[in-house]
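Fold and geometry: a report
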Amino acid sequence: MPISPDRAALAAFPIDWGGLAPLRLKSRAIAEGVYAGMHRSIRKGAGVEFGGQRPYVPGDDLRFFDRRALLRHDRLMVREFETETDRALWLCVDATASMSYRGRRAPGAKLAYAALVAAAMARVALATGDPVGLAWLGGAGTHGLPAMAGREAFERIVGALEATSAAQDWSGDAGAIERALAPVAKKARRGAVVLLISDLLDLAHESGAAHESGAEDALSAFAPLSTGGRTLIALQVLDPSEAELDFEGNVRLRALEGGAVVEADAGAVRAQYQARLAALTDTWSRALASRGGRLLRATSAEPPTDVVRALVRAIAEVRR
């Protein structure tokens, strides 16, 4: 579960940027380091697909003349192609309350890290000519953006990321993530890449055993976005303390969403905790892989340049 100090949950948590600020400069530096070393677009494959045949009309481009149709059926036919209608990168950033957590080993809160990765990915995509859109899961002061390209796109995305606070408890609302992703499902067309950046925790209701039901709700809302030729990538961002449960002795932990409080010996429950976290990751990984997507994991203490580079490579690989 997301771990916080034992204190009352606030309505909204301003982003604890820590050493991850300033967002604009650091995301630019990360992006430059990524595409300077790779020298290629985050996308692979042709921009068009075969869309069938039709009878030849005088004036048609002879490059698309179908010689096989003439030999087999004695008919003059031309091949038609369909251009991918959407080559956008859609950034879906989790800004629910659990993303506000920052442990003692992290340079900033999870939301700050997610914003930095999102801004750097936007910079890389825009540099290769791909438009970028922004959608939010939870949060306060959020501002979604349509897919756009050009010089001002990066500035608008950075401004939206900087203006957000972590907020909202989705542990009691099973349909929240589906409603949040509805604009993406409507606007992202064939060829789009949908990148979810989240801790994947507390995205939906809990009942009984920890976060299994919430994880299933979130996954069942996100996975269908793969229909229509869209590519799904998820990046799970955890604080190092969440990933390892690196506390010692008896601890009292409170969830930032749902209000659950657990008192336990950290050493005694660490193995069980990590096993359940691994099960969550495995569920998402298998579900996305079955739909041609990919799940990546990172902690908020890892070098963000490495994470952005891994995302760029993952997108390129799944589109081959």
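First, a word on scope: everything that follows refers to the structure included in this document. (Residues numbered from 1 in each chain as written. Predicted model: local features only at pLDDT ≥ 70, side-chain atom pairs only at ≥ 80, totals over all residues. Heavy atoms only, no water.)

1. Here's the deal with the overall build of the protein chain
We count it as follows: Working definition: helices are DSSP H or I runs of at least four residues, strands are E runs of at least two. Numbering for both runs from the N terminus. Whether a residue is buried, partly exposed or exposed follows from its accessible area with a 1.4 Å probe, protein chains only, as a fraction of its type maximum: under 20%, in between, or over 50%, in that order. Between two residues, a contact is recorded if the distance between any of their heavy atoms is within 4.5 Å. Using the Shrake-Rupley algorithm and a 1.4 Å probe, accessible areas are obtained, with residue cover drawn only from the displayed protein chains.
Per the secondary structure count, the protein chain includes nine helices and twelve strands. Counting all 320 residues of the protein chain, 49% fall into the buried class. Of the contacts formed within the protein chain by residues at least 6 apart in sequence, a portion of 78% connects residues at least 24 apart. Looking at the protein chain as shown, the accessible area adds up to about 14,300 Å², and 51% of this sits on carbon and sulfur atoms.

2. A look at the sheet that holds strand 9 (residues 231–238)
Spelled out, the test is: Each pair of strands is called paired provided DSSP finds at least two bridges between the two strands. To obtain each axis, a line is fitted to C-alpha atoms, and for helices this fit is confined to the stretch in contact; angles are then taken between N-to-C directions over 0 to 180 degrees.
Within the open sheet, the six strands sit side by side as 6-5-4-8-9-12. Their pairing is mixed. The sheet is open, and its two edges are formed by strand 6 (145–148) and strand 12 (294–299), each paired on a single side. Here the strands of the sheet are splayed against their neighbours by 20° on average, with no regard to which way each runs. Looking at chain direction, strand 5 (residues 132–137) and strand 6 are connected through two bridges and run antiparallel. Considered in strand 6, the bridge of Leu134 is made with Leu145.

3. Observations concerning the pattern of salt bridges
The condition that has to hold: Here, a salt bridge means any Lys or Arg side-chain nitrogen found within 4 Å of an Asp or Glu carboxyl oxygen.
Scanning the entire structure with this criterion turns up 13 salt bridges. Between Arg270 and Glu248 there is a salt bridge, with its nearest N and O atoms 3.8 Å apart. Here the residue Arg270 occupies a position in helix 8 (residues 266–290), and Glu248 occupies one in the loop between helix 7 (240–244) and strand 10 (250–254), the gap between them amounting to 22 residues. For Glu248, a relative accessible area of 63% corresponds to the exposed category. Its salt-bridge partner being Asp306, residue Arg309 comes within 3.6 Å of it at the nearest N-O pair. Taken together, the positions of Arg309 and Asp306, both in helix 9 (residues 304–318) and three residues apart, correspond to about one turn of that helix. Assessed through its relative accessible area of 44%, Asp306 is described here as partly exposed. Here the salt bridges share partners, and the residues they tie into one network are Arg104, Arg105, Glu244 and Asp246.

4. Quick word on the nonpolar core
One recurring pattern in soluble globular proteins: nonpolar side chains tend to sit buried together. As a reminder of what qualifies: Among buried residues, the Ala, Val, Leu, Ile, Met, Phe, Trp, Tyr and Cys ones that are joined through side-chain atoms within 4.5 Å form a nonpolar core.
Counting 97 residues, the largest nonpolar core has Met121, Leu161, Phe222 and Trp284 as its most contacted members. The element that contributes the greatest number of residues to this core is helix 3 (residues 110–127), accounting for 15 residues. Excluding its chain neighbours within four sequence positions, the residues that come into contact with Phe222 are Leu181, Val194, Leu196, Leu232, Ile233, Ala234, Trp284 and Leu288.

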